[in-house]
Each structure stands twice: as structure tokens, then as C-alpha cells.
Amino acid sequence: MTASAQQKFFPEQIGDLGVKRDPATWSSPEGVVHDLRSKDAAVRLKAMRLVGVNEDFFSTGGTPAEIDLRYTTFGFDDQTVAVIAVEQSSFQYAAVAILSAGTWSRLGVFECWCKYEAPLDDFVHVAPVVSGERLELQIMVRASGGGTGKYEQTEAWFRPRNGILEPVLSFTSRQRSCELPSEPCTYEHRWFDGNQFIEGKNPAMKFAEHNAGTFRGHLLGWAVEDNALKSLTCTPYKWDAVNFKYMPSGPAHPCKYEPPK
């Protein structure tokens, strides 16, 4: 498992996120999920390939530890999107498909080796975004990684164009370094609200330790770090239709902005 994680199953990587954008056709999302739970190993394998997971994890003929199916409907024409998420060990996969002219077409698959949290909350989030006079599909994905005393999260946003899923924005959303319990920790948090990119940093600081040796920051989630953010910087952004991505529209500047709760 460790060797597979280090080699990365998906050749395309955006930070800690693995991405596969080759298409596939589904009969229906419910049918794929049904086949993932089939007693027939060959049927399960075919369904795994339709989802796009690393089938090496299931070479013994097993089934995913968790399977989740979600639907989102958006736009004036009630466009429907399906997300099938599967989890095995510390790996998470999510396949996104869209219904068009009665056919389900897979747009992409995302991979996260979320060894520090399983499952990662809100791994894939699908939402509509206003583009001119239309509501367009936008997919926000989060993945995590790190090492001893280090942790980071990657956030990447995607939109479909001509049937192909295109990355439109990506950044390291959280970064924490606590290499030695006796040394100060550093923490950075970045987020995007659709109009501006906000970056917050805190000075090196020490966290009180729990009597079991766990960092207080781990016990309280991100509240300790976010409350200590300093040097908040804002950079205005806008949607660039020609380049099909979010682009800076002005210089970075100090800002007063409350961290998200």
C-alpha cells in the first residue's frame, strides 16, 4: 500500500491531488454502484474501471470499504451531475459524471491519499456558478498530504469545456509545520471566495500539549491556527473567459478579513 501511494496511481498531479480526465460512459450511476457491490468479481472489476479507481487495491476480489452516491441539479435546464465516491484504506476516489442527451458521461476522477484523515470532509463539492447569463458547473476538490510534523491541503477548482474537465484554479489551502514538539509551529491558510484570493499566516507559535502528547491544534481542529492568523493579504481575481481560468485582476494588498468559521 505504501509503495503504491508513493508512486501515485494517477499520472496527473495537482499538489496532493491526483486527477484523471479520460472519459467513460455509464449506463446509470445507480447501476455502477449496484455493480460495485456485486457478488461477481468480474462485474465488480468492470464497475471499478468505470469509476476509475486503482483496481490494484481490489485485486483480491473485495469491495470498497465505503461507497457514496450524490446527485446535484443546477441551472435553468435542470442539468444533473452525479458523484460516486469510494474509499479503501486511506485512499479516496471520486468520479464526476454529467447527464447529457440521456447519456451519463464521466468527466473526471480524483484521487486523494488522505492518510491523515479518512475520510476527508468535503473531498469533492459540486456547485453552480454564474457565467454571463448561465449557470455553469464548477467542481471544487480538496486533497491532503504531508510527512512527519508536516501537513498540507491542496484545493483545485474545475469546469467542463467542450466535454473536457479543465482546471481553472489551484492552490495550497492549508499548510502546517510542527516538526518538533519543542519547537514553534508555523501555519498558513489560503482561500478563494470567487472574487479575491486571501492568504493568512501566523507567526511561529507553540501549542500546548495534551497529556497524551497530542498537539492542542489537533484536538481543536483548525480553530487555534485560524484565530492566530496574521498578515492577511487579499488579491482581487476575475474570471478570464479567453484563458478559461481565474486570473489576478489587481495587486496583492493588506486586508481586513475574518477567517472562515
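Reading the values: the criteria
Residues numbered from 1 in each chain as written. Predicted model: local features only at pLDDT ≥ 70, side-chain atom pairs only at ≥ 80, totals over all residues. Heavy atoms only, no water. Helix = DSSP H or I, 4+ residues; strand = E, 2+ residues; numbered from the N terminus. Buried < 20%, exposed > 50% of the residue type's maximum accessible area, 1.4 Å probe, protein only. Areas by Shrake-Rupley, 256 points an atom, 1.4 Å probe, with all protein chains shown as cover. Core = buried A, V, L, I, M, F, W, Y, C linked by side-chain atoms within 4.5 Å. Contact = heavy atoms within 4.5 Å. pLDDT = per-residue confidence, 0-100. Salt bridge = Lys/Arg side-chain N within 4 Å of Asp/Glu carboxyl O. Disulfide = S-S within 2.5 Å. Pairing = 2+ DSSP bridges.

A. Representation of the overall build of the chain in the model. Secondary structure summary: the chain contains five helices and 16 strands in total. Per-residue burial over the chain gives 44% buried out of 261 residues. On the chain, roughly 13,600 Å² of surface is accessible, and the fraction owed to carbon and sulfur atoms is 50%.

B. Region of the structure containing the nonpolar core. Grouped together as the largest cluster of nonpolar side chains are 24 residues, with contacts concentrated most on L17, F110, V124, I139 and F158. Of all elements in the fold, only β2 (17–20), β5 (79–88), β6 (91–100), β7 (103–113), β8 (124–131), β9 (134–147) and β10 (150–161) reach the threshold of two or more residues within this core. It is β9 that contributes the most residues to this core, four residues altogether. For V124, the residues in contact, after removing those within four places along its chain, are R70, V83, A94, V96, F110, I139, M140 and V141.

C. Representation of the confidence of the model for the chain within the structure. Scored by pLDDT, the chain comes out at a mean of 81, with 77% of its residues at no less than 70. Across residues 1–7 the pLDDT falls below 50, and counting only partners more than four positions away or on other chains, this stretch makes seven contacts in the model.

D. The arrangement of the pattern of salt bridges in detail. Here the structure, examined in full by the defined rule, presents six salt bridges. Between E12 and R21 there is a salt bridge; the shortest N-O distance is 3.2 Å. Here R21 falls in the partly exposed class, since its relative accessible area comes to 25%. Of the charged contacts in the structure, one is a salt bridge between R190 and E199, with a shortest N-O distance of 3.0 Å. Of the residues examined, R190 reaches a relative accessible area of 12% and is grouped as buried. Within the structure, one salt-bridge network assembled from shared partners comprises E12, R21 and E166.

E. Structural view of the state of the cysteines. Overall, the coordinates contain two disulfides when judged by the stated rule. In this model, C112 is linked to C114 through a disulfide, with the two sulfur atoms separated by 1.8 Å. Its S-S torsion of about 115° marks the bond between C112 and C114 as right-handed, since a negative value means left-handed. Exposure remark for C114: the relative accessible area of 0% places this residue in the buried category.

F. Spatial organisation of the environment of V51. Along the polypeptide, V51 turns up in helix α3 (residues 41–51). When the C-alpha atoms of V51 and W26 are compared, they prove to be 8.9 Å apart, with 25 residues separating the residues in sequence. Setting aside residues no more than four positions away along its own chain, V51 makes contact with W26, V32, L36, I84, A95, R106 and V109.

G. Local environment of the pairing of strand β14 (residues 230–240). Note that β14 and strand β16 (residues 253–254) share two bridges and pair antiparallel. Within β16, the residue paired with T233 across the bridge is P254. The sheet contact formed by β14 and strand β15 (residues 245–248) spans four bridges and is antiparallel. Paired with K238 across the strands is M247, a residue of β15. Counting the residues in the hairpin turn of β14 and β15 gives four residues, including F244, whose phi is positive at 55°.

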